[in-house]
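A structural walkthrough
These are the residues of each chain, in order.
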Amino acid sequence: MTQRRRILTSAWTSLVLAFALGLATTTHAATFPTKPIRIVVGFPAGGPLDLHARLLADKLQSVLGQPVLIDYKSGAGGTVGAQEVMKSPPDGHTLMLANTGVMVINPALYTKLPYGTLCDFVPVARTAMQPLALLVNPKLPVTTLPQFIAYAKARPGQINYGSAGNGGISHLVPEMFKNATGLFMVHIPYRGSAPAFTDLMAGQVQFMAESIPQAANYHRQGKVRALAVTSRERSVALPEVPTVIESGLPGFEVVGFYGFLAPAGTPKDVVQQLSEAFKTMLAQPEVRSRMTDQGADPAFLGADDFAKFLGTELARWSDVVKKSGAKLD
């Protein structure tokens, strides 16, 4: 073979390889999805995360052209569901819908957590932010947050606050509130928010921080009293309730969030296609309205920005958990 033929053959081979590689990188997006999408939720059906999953699953199906199934894998604060997704094929057909606890609190809370948020998963999209409401038993002689702070300061150790369990956001937000105000309140952990709410309404605990949907519902019924919300802006669901910042605590902003993650190794073009699908859904007025009704604020972040956001939140909540002293094995 002449040198000229060798050069031409080599050039042709390189061109074919380049074409093949380029085809491989675009094939994922061109063919995805090829089967139903499974959304794993690490908590029982019926909670705020489930409502969010059902709303978006319905719309995701129409955008991607494949059925979308919700699979509940509850246990260990969302860890069971996270492990299920972590071990699934990284092809984009299995996603995890997770909350603040699963993504950024658990890594600081559990001494032997079987997953790492940014090493075992690929961020796909943040879909919502969800503020909390600071609640009291309606029989307390207070109607504003400053009044409650004064009331509690006059009774150190006599005010109990309930939470859905050790280390969750409903435990850590009151701890942040205690640090910001110098209050001494006693933590009473429950197994879920329902029994905690029952005791708040009965007066067994006097204070609680809880997500807006449940808080707004009980507040409207007069069963609890919402004193403030933890977002920077007032909640549409509780427009008459001021923010903590308005109530005299500058910089006190704590908002939970929801987002979708895929197993590590999921092709970047598939992640991008999924991210764009969520962006399309969250731009729909109907979806935004229903999310607001559920107490969640539409707050889309694409894959890269969501990854940066998670990095910041992991550091923030690690500090909060450390100060609270909460640890789980």
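Below is a summary of the structure that appears in this document. Per chain, residue numbering runs from 1 following the sequence as it is written. Totals for whole chains, interfaces and linings use every residue, but because this is a predicted model, local features are given only for residues with pLDDT of at least 70 and side-chain atom pairs only at 80 or more, for both listing and counting. Where side-chain values are given, they derive from all heavy atoms of the structure, hydrogens and water being excluded.

**Focus: unusual backbone geometry**
Phi is mostly negative for residues that are not glycine, and the peptide bonds are mostly trans. The residue after Phe-32, namely Pro-33, is reached through a cis peptide bond having omega -5°. Look at Ala-76: it is not a glycine, yet its phi comes out positive at around 55°. Only protein chains enter the accessibility calculation, which uses a 1.4 Å probe. A residue is then buried if its area is under 20% of the maximum for its type, exposed if over 50%, and partly exposed in between. Residue classification places Ala-76 among the partly exposed residues on the basis of a relative accessible area of 45%.

**A short note on the side chain of His-187**
If you trace the backbone, His-187 turns up in strand β6 (residues 186-189). Note on His-187: relative accessible area 18%, which makes it buried. Within the local environment of His-187, its side chain forms a polar contact with the side chain of Ser-163, the two groups lying 2.7 Å apart. At a separation of 3.5 Å, a polar atom in the side chain of His-187 contacts the side chain of His-171. Numbering of helices and strands runs from the N terminus, with a helix taken as a DSSP run of H or I at least four residues long and a strand as a DSSP run of E at least two residues long. A 3.5 Å cut-off defines polar contacts: any pair of N or O atoms within that distance qualifies, except that in protein one atom must be a possible hydrogen donor and the other a possible acceptor, and neighbouring residues in sequence count only when both atoms are side-chain atoms.

**What to know about the packing of aromatic side chains**
Stacked, tilted and edge-to-face are the three classes applied to pairs of Phe, Tyr and Trp rings, where Trp contributes its six-membered ring and a pair requires centres within 6.5 Å; stacked means planes under 30 degrees apart, edge-to-face means over 60, and tilted covers the rest. The tally for this structure, following the rule as stated, stands at eight aromatic pairs. Geometrically, the ring pair formed by Phe-148 and Phe-207 is stacked, given 4.9 Å between the ring centres and 10° between the ring planes. Of this pair, Phe-148 sits in helix α5 (residues 145-153) while Phe-207 sits in strand β7 (residues 207-211); the two residues are 59 residues apart in sequence, bridging distant segments of the chain. The two residues Phe-148 and Phe-207 agree in class, both being buried. An angle of 15° between the planes, with centres 5.4 Å apart, marks the rings of Phe-177 and Phe-207 as stacked. Note that Phe-177 is positioned in helix α6 (residues 169-181) and Phe-207 in strand β7, a separation of 30 residues in sequence. With respect to burial, Phe-177 and Phe-207 carry one shared label: buried.

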